[in-house]
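The residues making up each chain are set out below.
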Amino acid sequence: MKNFSTNHVLKGVFYIFLSLILFSCEKEKIINETDQTSEELILKTEERPDNGYCPNYDRSCSDDLINNGCDFISGNGRDMPNQYLMVDMLNNCRTEPLPSNCSWQGYITETNNIEVDLNNCCYPAYALNSRLDSWKNLATSAKPNSSYLITNYQRISGFMVTPYGPYRMKIRVTYRKKICALTPIHHLKK
């Protein structure tokens, strides 16, 4: 009877040992699958230029952009060396004019900061113009309310988010409050 009991104990220990080995292998498989998923995600984000990575790791560029003060009209260039120029171009053409039926309400201003990512990749002129438009959209979304207009952009700072990028630039946007005349409401005659 003692052998029978020892046999069962040994079998139990063997099954526990086998279970631990199988669990360990399964755990390693899960970890490897997780690592693969992370690598796949990194590859997917590397294909997206606005996420700090260049498509095909393309950082070489002729930097032959030509602009007219408002937009880039031809050539290719990188966003990092052109960041100050791009902020100037925001000021030149991506502020908001005062409508004709409005006036400034004193000198009431507010500021908000927007953050944009630069990645030093080579882009054609139209892509950098699109980026400028998206920065203006960010500034518009950050308005205190609809009675304010964008009057100025100022580059404040920048830093590398990770050692590999992207470079995050902070832009201070100035808004000025407007007051507009109400348009008369014409009543229908009875």
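The rules behind each value
For every chain, the first residue of its written sequence is number 1, and the numbers climb from 1 along that sequence. Whole-chain, interface and lining totals are the exception, using all residues; otherwise, since this is a predicted model, local features are given only for residues with pLDDT of at least 70 and side-chain atom pairs are given and counted only at 80 or more. Derived side-chain values reflect all non-hydrogen atoms in the structure, with water molecules and hydrogen atoms excluded from consideration. Secondary structure follows DSSP: runs of H or I at least 4 residues long count as helices, runs of E at least 2 residues long count as strands, and numbering of each begins at the N terminus. Only protein chains enter the accessibility calculation, which uses a 1.4 Å probe; a residue is then buried when its area is under 20% of its type maximum, exposed when over 50%, and partly exposed in between. Should any heavy atoms of two residues lie within 4.5 Å, those residues are considered in contact. Each accessible area value is a Shrake-Rupley result obtained with a 1.4 Å probe; residue values ignore everything except the protein chains displayed when judging cover. Take the number of residues in a helix, subtract one, and multiply by 1.5 Å to get its expected span. Our arc is simply the arc of the directions from the helix axis toward the C-beta atoms. Think of it this way: DSSP has to see at least two bridges between two strands before they count as a pair. Lines are fitted to the C-alpha atoms to define the axes, a helix being fitted only along its stretch in contact, and any angle between axes, read from their N-to-C directions, falls within 0 to 180 degrees. The salt bridge criterion pairs a side-chain nitrogen of Lys or Arg with a carboxyl oxygen of Asp or Glu, the two atoms within 4 Å.

(A) Structural detail: the overall build of the chain. Across its full length, the chain carries three helices and seven strands. Secondary structure elements of the chain, listed N to C terminal, follow the sequence α-β-β-β-α-β-β-α-β-β. Going through the 190 residues of the chain one by one, you find that 26% of them count as buried. Look at the contacts in the chain between residues 6 or more apart in sequence, and 68% of them connect residues 24 or more apart. Within the structure as shown, the chain displays about 13,000 Å² of accessible surface, and the carbon and sulfur contribution to it stands at 56%.

(B) Looking closely at helix α3 (residues 125–141). With 17 residues, α3 ought to run about 24 Å at 1.5 Å a step, and its terminal C-alpha atoms sit 25 Å apart, in line with that. Among the residues of α3, those classed as buried are Ala125, Leu128, Asn129, Arg131, Leu132, Trp135 and Ala139. Taken around the axis of α3, the buried residues stretch over an arc of 155°, which confines them to a single face. The outward face of α3, more than 90 degrees from its buried face, is lined by the exposed residues Tyr126 and Ser141.

(C) View of the sheet that holds strand β7 (residues 167–180). Ordered in space as β4-β7-β6, the three strands form an open sheet in which the pairing is antiparallel. In this open sheet, the two strands that pair with only one neighbour each are β4 (102–118) and β6 (148–160). On average, each strand axis in the sheet is tilted by 15° relative to the strand beside it, whichever way the strands run. Looking at chain direction, β6 and β7 are connected through 11 bridges and run antiparallel. Residue Gly158 lies in a different strand from β7, and its bridge partner there is Met169.

(D) Just the pairing of β7, in detail. The pairing of β4 with β7 spans 13 bridges and is antiparallel. The partner of Leu118 across the bridge, within β7, is Tyr167. Hairpin connection of β6 to β7: six residues between the antiparallel strands, including Gly165 at a positive phi of 110°.

(E) Summary view of the pattern of salt bridges. According to the stated counting rule, one finds six salt bridges in the structure shown. The residue Arg94 makes a salt bridge to Asp133 at a minimum N-O spacing of 2.9 Å. One end of the pair, Arg94, is in the loop between α2 (83–93) and β4; the other, Asp133, is in helix α3, with 39 residues separating them in the sequence. A single salt-bridge network, built from bridges that share partners, covers Asp71, Arg94 and Asp133.

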